[in-house]
Amino acid sequence: MRFTAASLIAALAASASAACLEQAPAALGFPINFDITPERSDTISFQIPPNSVGPCTLIAKFPDGYPITSTGSDLVNVTALDGPAAGSLVGALRFRAGGKTYVNSFACADVMTYELAIAQGQGEVKFSEIQGAGLFMDVGDC
C-alpha cells in the first residue's frame, strides 16, 4: 500500500478530530434553563466518558443573536464542586452571544460539576442551554 502526502494529511486530520469530543451537560432533557442571581446559584454537571484522554476544558458558546438576558452585575463565578479542582474558583465569565469563551482546563474525572453564581453585587443572568448553545466540556485536544 502506498501513502501519498494527501492521504497522510487526511489520516492525520481524521485522527485529530477523533481525539476531540464536545460533551453536553448531564441532564434529563433540554432545554436546561439557567437563572443565576445573588440569591440563587445554578449547577451544571458533565459525565465524562470512561477512558477519556484530557484535557477537559469547560467552555461557553452561543451563536450570534442567541437570547441571553443580563441585568446589573453579570459577572458569573464558576466554582468546581468535584473533580480535580473541588472547592476552587476555576473561572469567571460574562455570558455573551456570538462566540466561544474558555473557562478553564482540567484533568478529566468521571463526573465534573460546577456552581455558577453572581460574582458580586446585584445582577441576574438567564439563558437556556440547548443543543449547540450553552456550557460544554471539550474532552481531548479540541
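The present account deals with the structure reproduced in this document. (Residues numbered from 1 in each chain as written. Predicted model: local features only at pLDDT ≥ 70, side-chain atom pairs only at ≥ 80, totals over all residues. Heavy atoms only, no water.)

## Topic: the state of the cysteines
Each disulfide consists of a covalent bond between the sulfur atoms of two cysteine residues.
Turning to step 1, where the next piece is worked out: Counting across every chain of the model gives two disulfides.
Turning to step 2, where the next piece is worked out: Bridging Cys20 to Cys142, the disulfide has an S-S length of 2.0 Å. Classification of the bridge connecting Cys20 and Cys142 rests on its S-S torsion, roughly 105 degrees, and on that basis the disulfide is right-handed. You can see Cys20 sitting in strand S1 (residues 20-23) and its partner Cys142 sitting in the segment after strand S11 (134-140), a full 122 residues away along the chain.
Turning to step 3, where the next piece is worked out: Judged by relative accessible area, Cys20 falls into the partly exposed class, the value being 29%.
Turning to step 4, where the next piece is worked out: A residue is classified by how much of its surface remains accessible, and Cys142, at 53% relative accessible area, is exposed.
Turning to step 5, where the next piece is worked out: At a sulfur-sulfur separation of 2.0 Å, the disulfide partner of Cys56 is Cys108. Because the sign of the S-S torsion sets the handedness, a value of about 105 degrees for the bond joining Cys56 and Cys108 places this disulfide among the right-handed ones. Of this pair, Cys56 sits in strand S4 (residues 56-62) while Cys108 sits in the loop between strand S8 (99-106) and strand S9 (111-118), and the two are 52 residues apart along the sequence.
Turning to step 6, where the next piece is worked out: The connectivity of the disulfide bonds within the chain can be written as 1-4, 2-3, using the sequence rank of each bonded cysteine. (Disulfide = S-S within 2.5 Å. Helix = DSSP H or I, 4+ residues; strand = E, 2+ residues; numbered from the N terminus. Buried < 20%, exposed > 50% of the residue type's maximum accessible area, 1.4 Å probe, protein only.)

## Describing the sheet that holds strand S7 (residues 89-93)
Turning to step 1, where the next piece is worked out: Overall, antiparallel pairing links the four strands, which are arranged S3-S9-S6-S7 in an open sheet. In this open sheet, the two strands that pair with only one neighbour each are strand S3 (42-47) and S7. Shown here is a sheet whose adjacent strand axes are inclined to one another by a mean of 25 degrees, direction ignored.
Turning to step 2, where the next piece is worked out: Sheet topology note: the strand S6 (residues 76-80)/S9 ladder contains five bridges and is antiparallel. Bridging across to S9, Val76 finds its partner in Ile118. (Pairing = 2+ DSSP bridges. Axes fitted to C-alpha atoms, helices over the stretch in contact; angles between N-to-C directions.)

## Regarding the side chain of Asp42
Turning to step 1, where the next piece is worked out: Structurally, Asp42 can be placed in strand S3.
Turning to step 2, where the next piece is worked out: At 2.9 Å, the side chain of Asp42 and the backbone nitrogen of Asp35 are in polar contact.
Turning to step 3, where the next piece is worked out: For Asp42, the contacting residues outside a window of four places in its chain are Phe34, Asp35, Ile36, Tyr114, Glu115 and Leu116. (Polar contact = N/O pair within 3.5 Å; in protein donor to acceptor, adjacent residues only side chain to side chain. Contact = heavy atoms within 4.5 Å.)

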